[in-house]
Amino acid sequence: MATFVLVSVTVLAVVLFVFFFSVAKKDMAASVEQKARVIAIQESRIFGGIRNTLIGISQFSEIKSGNRESCDKTFALLLDHINNPVKQFLVIGIANINGDTICSVPSTKSNINIADRDYFKRAVASRDFSFGNYQIGRVSNQPSVSFGYPIIDETGGVRYVVFISLNLKALNDFVQSTGISAGNSVTMTDEDHNILVRYPATNLDFIGKAYKNKDVLEKYEDNEGSAEVTDIDGVPRIIGFSTVRTPNGVGYFHIIVGVSSGDLIANFLPSLSLLWLSVLAAFLILMLAAGWYAGRKIASHLIEEGQIV
């Protein structure tokens, strides 16, 4: 009987452990997916601010004129203003429909063509705000991601594209200032799965590299979900992911939040306490049942022997 009770309690403990651990893992996956959505909303607001900035810049007569001298002066003042107190942007400029830069700050001696850049092509095609993928800026020579907005002429066609390049170091600094828990990770990639933001990281060592778990992201049509992966730093994590899209749906960024096994265990501890209470209760119930059963058997035996009448 004792063996039966021990085996029963052991089996129950294993079943309950698996159940509670599975629940804790699902809760953690839902939590990191929600965190990814929150960061995506924060990033959307940042990019919405950039869109409003470009719309405002596109209304300047000095910009719309295409005159290099007046354009350069205006851009210099604008860049100085929007980079105060933090240098978020590397380059601001305007290009014609062929992609030739008319003016930019920092200024360049020779015209630089941006016709092949995604943000330029998307701004022309969509006639709306757009952003591109990871790039090394042709003016700044630094890792950046650029945004574009079209200036429409009197006939309704795109005449110019005003553009601005965001410093990826500034974007990484912003993410690291959002109070991410130790052991957690945040990754942001463009739609080609190039890494734009990575926390934790030093010296931007992951920036521009391909995100190796891109196949996980591509399994979900809406680009939202969760999975268990070995992260790019070799740490096993549960990741949750969401996306940042432009208002017109052209182009997107992935936001990926990861939690380490240590956080999963910490999340599991309350469930573990409940698990052991359940096992203890089951043990007591089985012991009472075993005692009652044994008592009945002894009483029956004594009655048969005539010792109890």
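Residues numbered from 1 in each chain as written. Predicted model: local features only at pLDDT ≥ 70, side-chain atom pairs only at ≥ 80, totals over all residues. Heavy atoms only, no water.

K.L.:
How should I be thinking about the overall build of the protein chain in this particular structure?
P.N.:
Helix and strand counts for the protein chain stand at seven helices and 11 strands. Considering only intrachain contacts with a sequence separation of at least 6, the fraction spanning at least 24 residues in the protein chain is 55%. (Helix = DSSP H or I, 4+ residues; strand = E, 2+ residues; numbered from the N terminus. Contact = heavy atoms within 4.5 Å.)

K.L.:
Could you clarify how one ought to interpret the pattern of salt bridges in this entry?
P.N.:
Note on pairing: side chains with opposite charge can pair once their charged atoms come close. Tallying each qualifying case throughout the model produces 12 salt bridges. Between Asp-118 and Lys-121 there is a salt bridge, with its nearest N and O atoms 4.0 Å apart. One end of the pair is Asp-118 and the other is Lys-121, both in helix 4 (residues 118-126) and three residues apart, which spans about a single turn. Since its relative accessible area comes to 44%, Lys-121 is described here as partly exposed. Residues joined in a network through salt bridges with shared partners are Arg-198, Asp-231, Asp-233 and Arg-237. (Salt bridge = Lys/Arg side-chain N within 4 Å of Asp/Glu carboxyl O. Buried < 20%, exposed > 50% of the residue type's maximum accessible area, 1.4 Å probe, protein only.)

K.L.:
I keep staring at the sheet that holds strand 7 (residues 185-190) and nothing clicks. Help me out?
P.N.:
Across a sheet, strands are paired by hydrogen bonds formed along the backbone, either parallel or antiparallel in direction. With antiparallel pairing, the five strands of this open sheet are ordered in space as 8-7-11-10-9. Strand pairing shows two members of the sheet lacking a second neighbour, strand 8 (195-199) and strand 9 (225-230), which therefore form its edges. Taking the axes of each pair of neighbouring strands and ignoring which way they run, one obtains an average angle of 20 degrees across the sheet. In terms of strand pairing, strand 9 meets strand 10 (residues 236-245) through six bridges, oriented antiparallel. Following the sheet pairing, Gly-225 is matched in strand 10 by Phe-241. (Pairing = 2+ DSSP bridges. Axes fitted to C-alpha atoms, helices over the stretch in contact; angles between N-to-C directions.)

K.L.:
What am I meant to see in the packing of aromatic side chains here?
P.N.:
One pair of aromatic rings is described through two measures. These are the centre distance and the angle between the planes. On inspection of all chains with the given rule, the structure shows eight aromatic pairs. When the ring of Phe-47 is compared with that of Phe-147, the centres are 5.3 Å apart and the planes differ by 40 degrees; the resulting orientation is tilted. On the criterion of sequence distance, the pair formed by Phe-47 in helix 1 (residues 2-58) and Phe-147 in strand 5 (residues 143-152) is long-range, its members being 100 residues apart. On the numbers, 6.0 Å between centres and 45 degrees between planes, the contact of Tyr-119 with Phe-163 is tilted. (Phe/Tyr/Trp six-rings, centres within 6.5 Å; stacked < 30°, edge-to-face > 60°.)

K.L.:
Honestly, the side chain of Ser-165 in this entry has me stumped. Any pointers?
P.N.:
Tracing the sequence through the fold places Ser-165 in strand 6 (residues 158-167). Of the residues examined, Ser-165 reaches a relative accessible area of 5% and is grouped as buried. Among the polar contacts made by the side chain of Ser-165, one reaches the side chain of Ser-146 at a distance of 2.6 Å. Apart from residues no more than four positions distant in its own chain, Ser-165 is found in contact with Gln-88, Phe-89, Leu-90, Val-91, Gln-135, Ser-144, Val-145 and Ser-146. (Polar contact = N/O pair within 3.5 Å; in protein donor to acceptor, adjacent residues only side chain to side chain.)

K.L.:
Just to check I follow, could you spell out helix 4 for this structure?
P.N.:
Residues that lie three or four places apart on an α-helix share one face, since the helix turns once every 3.6 residues. Those residues of helix 4 not exposed but buried are Tyr-119, Phe-120, Arg-122 and Ala-123. In this fold, the buried residues of helix 4 make contact with strand 1 (89-96), strand 3 (130-131), strand 4 (135-136), strand 5 and strand 6. Of the residues trailing helix 4, Arg-127 is marked for its positive phi of about 55 degrees.

K.L.:
Hey, could you run me through the nonpolar core in this one?
P.N.:
One broad trend across soluble globular proteins is that nonpolar side chains are buried collectively. One finds Phe-75, Ile-94 and Phe-147 to be the most contacted residues of the largest nonpolar core, which totals 58 residues. Take this core: its biggest share by element is 10 residues, from helix 1. Non-local contacts of Ile-94, meaning those with residues more than four positions away in its chain, are made with Ile-63, Cys-71, Phe-75, Asp-100, Thr-101, Ile-102, Cys-103, Ile-151, Tyr-160, Val-161, Val-162 and Phe-163. Membership of the second largest hydrophobic core comes to 10 residues, among which are Ile-114, Tyr-119, Phe-120 and Val-158. (Core = buried A, V, L, I, M, F, W, Y, C linked by side-chain atoms within 4.5 Å.)

K.L.:
Hey, could you run me through the pairing of strand 9 in this one?
P.N.:
Looking along a regular strand, one sees the side chains alternate between the two faces of the sheet. In strand 9, alternate side chains face the same way, and those of Gly-225, Ala-227 and Val-229 are buried while those of Ser-226, Glu-228 and Thr-230 on the opposite face are not. Hairpin connection between strand 9 and strand 10: a loop of five residues separates the two successive antiparallel strands, and Gly-234 in this loop has a positive phi of roughly 85 degrees.

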